[in-house]
Amino acid sequence: MSVPEPAGGEEVKQAKEVEDAEKYSFMATVTKAPKKQIQFADDMQEFTKFPTKTGRRSLSRSISQSSTDSYSSAASYTDSSDDEVSPREKQQTNSKGSSNFCVKNIKQAEFGRREIEIAEQDMSALISLRKRAQGEKPLAGAKIVGCTHITAQTAVLIETLCALGAQCRWSACNIYSTQNEVAAALAEAGVAVFAWKGESEDDFWWCIDRCVNVDGWQANMILDDGGDLTHWVYKKYPNVFKKIRGIVEESVTGVHRLYQLSKAGKLCVPAMNVNDSVTKQKFDNLYCCRESILDGLKRTTDVMFGGKQVVVCGYGEVGKGCCAALKALGAIVYVTEIDPICALQACMDGFRVVKLSEVIRQVDVVITCTGNKNVVTREHLDRMKNSCIVCNMGHSNTEIDVTSLRTPELTWERVRSQVDHVIWPDGKRVVLLAEGRLLNLSCSTVPTFVLSITATTQALALIELYNAPEGRYKQDVYLLPKKMDEYVASLHLPSFDAHLTELTDDQAKYLGLNKNGPFKPNYYRY
């Protein structure tokens with residue numbers, strides 16, 4: 001969904017202040033505002049119109065693909081089919097008599113609280129930040145409207161923001177990812193949460209609107225994952241959008257939308273690009289996917305990877321993590337790439353770089369992780385061997401042309417949760433996982449520890465934007481200050497009993513560095 005005591009001017013305070021974690025004005029000492037980053041795309045496109053009400057999920061999507069079809073969670077106690085009554089038609093109140101929420105079943109709150117308590121045990125850095133900063137209340141007066149996955153881990157983030165003084169209203173960034181019991185626990189705790197697993201697309205936008213459009217309460221901060229919330233406020237409530245003090249966005253899709261707005265000169269508030277922070281790219285994208293790709297595939301297919309031929313489309317951080325995991329289990333891994341630098345990295349890591357059409361007839365598994373659309377087309381699907389497994393590790397379900405498979409001549413057979421056999425007239429079967437949505441959150445879970453890194457980054461980004469003096473951030477998209485990335489990493493080192501080496505005065509002078517960082521320039525690639 002990414003400080004508390006903003007720095008004045010362009011000066012960097014002395015290292016002793018940065019080192020004092022109790023003051024934790026670390027972000028206040030963060031130096032100058034980061035330089036604006038290069039935009040992702042040359043093409044200039046505005047947000048597409050928000051979807052209208054439909055009886056079923058639409059198969060045609062916008063250029064960045066609404067997150068409503070992105071993925072689901074395998075970690076919820078209850079399935080959305082358990083109760084045919086829409087939560088919108090229920091009258092529910094929590095133990096305090098409040099009905100300012102809409103969840104599947106408020107009675108599940110006790111189960112959700114247990115999930116949150118378990119998550120807190122492996123999110124020690126975020127809890128540490130909460131304890132250090134809650135006395136100062138750096139988010140006092142902040143009214144945060146959020147749209148993220150509502151899981152036990154994000155609940156820890158939401159409750160941390162509340163502990164730091166913020167008022168929060170929350171919806172889910174995806175119709176399948178909500179853990180109903182966690183949403184109930186948040187509602188019981190007094191958070192205005194509007195989300196449940198298995199929302200219709202109309203429900204999805206209704207929940208977002210209920211968070212934004214409320215009498216006597218106006219958001220001044222946005223925490224988004226996918227850009228749908230930002231898109232809704234920008235289109236439907238322009239006066240509210242102009243008064244937003246900052247946007248924090250964590251996904252490729254959402255960041256791309258922000259850069260589109262910025263390039264068109266229509267972004268009237270500063271935004272923080274958490275997705276391209278080091279702590280997000282290297283840990284959430286690389287290490288998280290390195291573990292969760294195997295978990296998702298094993299849970300759904302029980303496949304043995306030794307000797308299997310796998311093609312991974314894309315060798316960014318997600319692709320690198322997937323390839324490393326598959327190679328370690330003895331799979332024969334091919335890589336497709338459009339970027340010569342990433343392609344060369346794949347070659348040096350021992351993978352053969354090919355075009356998908358060259359290996360599509362022989363591979364056993366196809367994994368997409370490009371962030372693009374139509375990477376696997378109907379032509380590719382027609383040429384696949386029998387029992388080929390097809391899945392996606394990208395944010396949206398645009399990478400596999402699932403729409404082309406919904407034709408009369410093909411038969412869909414649901415064999416288990418999130419696993420479909422698509423059967424051709426000649427009897428050939430393709431195993432499609434999660435209908436092309438993100439595999440790890442659809443079919444398994446992701447490691448709590450790595451989500452702690454991302455959540456801590458988001459919290460600090462919100463604190464930085466909310467407390468930044470006027471003029472530090474213009475109406476544009478920024479990367480996190482390097483000092484913030486380093487601080488997030490340092491908070492997580494005690495979990496490994498890791499001890500950093502300290503520079504001597506002479507060494508620091510030789511390198512031209514402050515003894516307490518930042519240790520790398522903004523352009524450094526880890």
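Residues numbered from 1 in each chain as written. Predicted model: local features only at pLDDT ≥ 70, side-chain atom pairs only at ≥ 80, totals over all residues. Heavy atoms only, no water.

## Description of the sheet that holds strand β14 (residues 429-433)
- If you walk across this open sheet you meet the eight strands as β9-β8-β7-β10-β11-β14-β13-β12, and the pairing is mixed. Both outer strands of the open sheet, β9 (352-353) and β12 (411-416), are each paired with one neighbouring strand and no more.
- The sheet contact formed by strand β7 (residues 309-313) and strand β8 (residues 332-336) spans five bridges and is parallel. Directly across from glutamine 309, in β8, lies its bridge partner isoleucine 332. (Pairing = 2+ DSSP bridges. Helix = DSSP H or I, 4+ residues; strand = E, 2+ residues; numbered from the N terminus.)

## Some details on the packing of helix α3 (residues 124-133) against helix α16 (residues 448-467)
- In the contact formed by α3 and α16, the axes pass within 8 Å of each other and the chain directions differ by 30°. Compared by their axis directions, α3 and α16 come out roughly parallel. Residues Ala125, Leu126 and Leu129 of α3 touch α16, and the partners they reach there are Ser452, Ala455, Thr456, Ala459 and Leu460.
- The residue inventory of the contact of α3 with α16, partitioned by class, reads six nonpolar, two polar and no charged. (Axes fitted to C-alpha atoms, helices over the stretch in contact; angles between N-to-C directions. Parallel < 35°, antiparallel > 145°, perpendicular 65-115°, else oblique. Contact = heavy atoms within 4.5 Å. Nonpolar A, V, L, I, M, F, W, Y, C, P; charged D, E, K, R; others polar.)

## Structural notes on the pairing of strand β5 (residues 246-249)
- Burial along β5 is two-sided: the face carrying Gly246 and Val248 and the face carrying Ile247 and Glu249 are both buried.
- Inspection of the sheet shows strand β4 (residues 221-224) paired to β5 by four bridges, in the parallel sense. The partner of leucine 223 across the bridge, within β5, is valine 248.
- Judged from the three bridges that link them, β5 and strand β6 (residues 271-273) form a sheet pairing that is parallel. Looking at the pairing, valine 248 lines up with methionine 272 of β6. (Buried < 20%, exposed > 50% of the residue type's maximum accessible area, 1.4 Å probe, protein only.)

## Things to note about the state of the cysteines
- Inspection of every chain in the model, using the stated rule, returns zero disulfides.
- Unpaired in terms of disulfides, cysteine 443 finds its nearest cysteine sulfur in cysteine 391, a separation of 8.3 Å. (Disulfide = S-S within 2.5 Å.)

## Considerations on the environment of alanine 468
- In this structure, alanine 468 sits in the loop between α16 and β15 (477-479).
- In this structure alanine 468 comes out as buried when scored by relative accessible area, which is 16%.
- In the structure, alanine 468 is positioned 223 residues away from arginine 245 in sequence and 9.5 Å away in space, judged by C-alpha atoms.

## Examining the packing of α16 against helix α17 (residues 482-492)
- It is at 10 Å that the axes of α16 and α17 come closest, and there the two elements cross at 140°. Regarding the angle of α16 to α17, the classification is oblique. Judged by the twist between their axes, the crossing of α16 over α17 is right-handed. Mapping the contact onto sequence places Phe449, Ser452, Ile453, Thr456, Thr457, Leu460, Ala461 and Glu464 in α16 and Met484, Tyr487, Val488, Leu491 and His492 in α17.
- Class assignment of the residues belonging to the contact of α16 with α17 gives a composition of eight nonpolar, four polar and one charged. (Left-handed = near helix turned anticlockwise from the far one by under 90°.)

## Some details on the pattern of salt bridges
- Taken as a whole and assessed by the stated rule, the structure comprises 20 salt bridges.
- The salt bridge involving aspartate 302 is made with arginine 416; its shortest N-O contact spans 3.3 Å. Here aspartate 302, found in the loop between α10 (278-301) and β7, pairs with arginine 416, found in strand β12; they are 114 residues apart in sequence, far enough to count as distant.
- With a closest N to O distance of 2.8 Å, arginine 378 and aspartate 382 form a salt bridge. With arginine 378 and aspartate 382 both in helix α14 (residues 378-383), this residue pair falls four residues apart, about one helical turn.
- Here aspartate 382 falls in the partly exposed class, since its relative accessible area comes to 37%.
- Salt bridges linked by common partners bring Arg406, Arg414, Asp420, Glu435 and Arg437 together as one network. (Salt bridge = Lys/Arg side-chain N within 4 Å of Asp/Glu carboxyl O.)

## Some words on the UniProt feature "binding site: NAD(+)" (unreviewed entry) in the chain
- Mapped onto the present numbering, the UniProt feature "binding site: NAD(+)" (unreviewed entry) falls on Gly316, Glu317, Val318, Gly319, Lys320, Gly321, Glu337 and Asn440.
- Within the element layout of this structure, lysine 320 appears in helix α11 (residues 317-328).
- The residues contacting lysine 320, other than those within four sequence positions of it, are Leu286, Tyr315 and Gln345.
- Residue classification places glutamate 337 among the partly exposed residues on the basis of a relative accessible area of 24%.
- Setting aside chain neighbours within four positions, we find glutamate 337 in contact with Gly314, Tyr315, Gly316, Cys342 and Ala343.
- Here tyrosine 315 takes part through its backbone nitrogen, which lies 2.7 Å from a polar atom of the side chain of glutamate 337. (UniProt positions renumbered as here; feature names shortened; annotations may be inferred. Polar contact = N/O pair within 3.5 Å; in protein donor to acceptor, adjacent residues only side chain to side chain.)

## Considerations on the packing of aromatic side chains
- Summed over all chains, the structure comprises 10 aromatic pairs.
- Plain terms: the ring middles of tyrosine 524 and tyrosine 526 are 4.8 Å apart, the flat faces sit at 85° to each other, and that makes the pair edge-to-face.
- You can call tyrosine 526 partly exposed: its relative accessible area is 39%.
- Among the aromatic residues, those joined into a ring-pair cluster are Phe194, Trp196 and Trp206.
- Looking at arginine 169, its charged tip hangs above the ring of tryptophan 217, at a distance of 5.7 Å from the centre.
- Between the NZ or CZ atom of lysine 327 and the centre of the ring of phenylalanine 351, over which it lies, the distance is 5.2 Å. (Phe/Tyr/Trp six-rings, centres within 6.5 Å; stacked < 30°, edge-to-face > 60°. Lys NZ or Arg CZ within 6 Å of the ring centre and 35° of its normal.)

## Description of the UniProt feature "binding site: substrate" (unreviewed entry) in the chain
- This chain's UniProt record puts "binding site: substrate" (unreviewed entry) on Thr151, Asp225, Glu250, Lys280 and Asp284.
- Following the sequence through the fold, aspartate 225 ends up in the loop between β4 and α7 (228-236).
- Residue aspartate 225 is classed as buried on the basis of its relative accessible area, which comes to 5%.
- When you line up the elements, glutamate 250 lands in the loop between β5 and α9 (252-263).
- Relative accessible area serves as the criterion here: at 11%, glutamate 250 is assigned to the buried category.

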